[in-house]
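These are the residues of each chain, in order.
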Amino acid sequence: MARSKEFEVNEVLDKAMKIFWEQGYEKTSMSDLVEHMGIHRRSIYDTFDDKHSLFLQAMDRYRGKVSTTLLAEIKASKTAVEALHKIFEVMISEVEDTPSGCLIVNSAVELGTRDPDVDTRSLDSFNEAEQMFEQIIQWGQREGEFSSDHDAKEMAEYLHNISVGIRAMARTSTDKEKLNRIIHVTMKLLEK
């Protein structure tokens, strides 16, 4: 008779996500995963197949959580300017008990050119971010908050590039004030 799982899949997936986010894929061993997830090695294989599959599922889980957070911030914003400020604030905020930076950016840098699955997921996430920025820029242009001198899609690509840089810098000991200055200059370039 098969034993039932004695853990919640998303709960242990969140734990795997955190250790991959903190250490990266290659540095995280199966022993690290067993220890941090709090389940047996066999349970990891039975539930997630292998380390690579677990990593991809952790990336998907991370992307879903970030998307939910950012969409909530956008919906709560009264203006496009406010929405962008909130998005950038999320990117540089230090949430207790979570690693710094971004799992997607970290993974793209670590594995993007060598792992087609990670590359695809990273690019999908980047495209989603650019679409989000484009919609906010269009909103701001319609409302007269942002200049219409530049194409919204091109500005979205630019903002995404800035956001990737900010998330990479947030992984280091870069002073938060410097990140805020970068955001301030970026906002000034957009506004009328």
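Quantities reported herein were computed from a predicted structural model and do not represent experimental measurements.

Cut-offs and rules
Residues numbered from 1 in each chain as written. Predicted model: local features only at pLDDT ≥ 70, side-chain atom pairs only at ≥ 80, totals over all residues. Heavy atoms only, no water. Helix = DSSP H or I, 4+ residues; strand = E, 2+ residues; numbered from the N terminus. Expected span 1.5 Å × (residues − 1). Buried < 20%, exposed > 50% of the residue type's maximum accessible area, 1.4 Å probe, protein only. Contact = heavy atoms within 4.5 Å. Polar contact = N/O pair within 3.5 Å; in protein donor to acceptor, adjacent residues only side chain to side chain. Phe/Tyr/Trp six-rings, centres within 6.5 Å; stacked < 30°, edge-to-face > 60°. Lys NZ or Arg CZ within 6 Å of the ring centre and 35° of its normal.

A. Spotlight on helix α1 (residues 9-23). The terminal C-alpha atoms of α1, which comprises 15 residues, lie 21 Å apart, in line with the 21 Å expected from a rise of 1.5 Å per residue. Where α1 is concerned, the buried positions are Val-12, Leu-13, Asp-14, Ala-16, Met-17, Ile-19, Phe-20 and Trp-21. Against the buried residues of α1 lie α2 (30-37), α3 (41-48), α4 (51-75) and α6 (103-111). Residue Glu-8 occupies the N-cap position of α1, its side-chain oxygen lying 3.1 Å from the main-chain nitrogen of Asn-10. Gly-24 sits one or two positions beyond α1 and adopts a positive phi of about 90 degrees.

B. Representation of the packing of aromatic side chains in the model. Following the criterion strictly, the structure yields 5 aromatic pairs and no others. On the numbers, 4.9 Å between centres and 55 degrees between planes, the contact of Tyr-25 with Phe-55 is tilted. One end of the pair, Tyr-25, is in the loop between α1 and α2; the other, Phe-55, is in helix α4, with 30 residues separating them in the sequence. Phe-55 matches Tyr-25 in its accessibility class, with the two residues each being buried. An aromatic cluster is built from Phe-20, Tyr-25 and Phe-55, whose rings are joined through pairwise contacts. Above the face of the Tyr-25 ring, Lys-51 is positioned so that its terminal group lies 4.4 Å from the ring centre.

Everything listed here is a matter of coordinates, which is why it stays silent on function.
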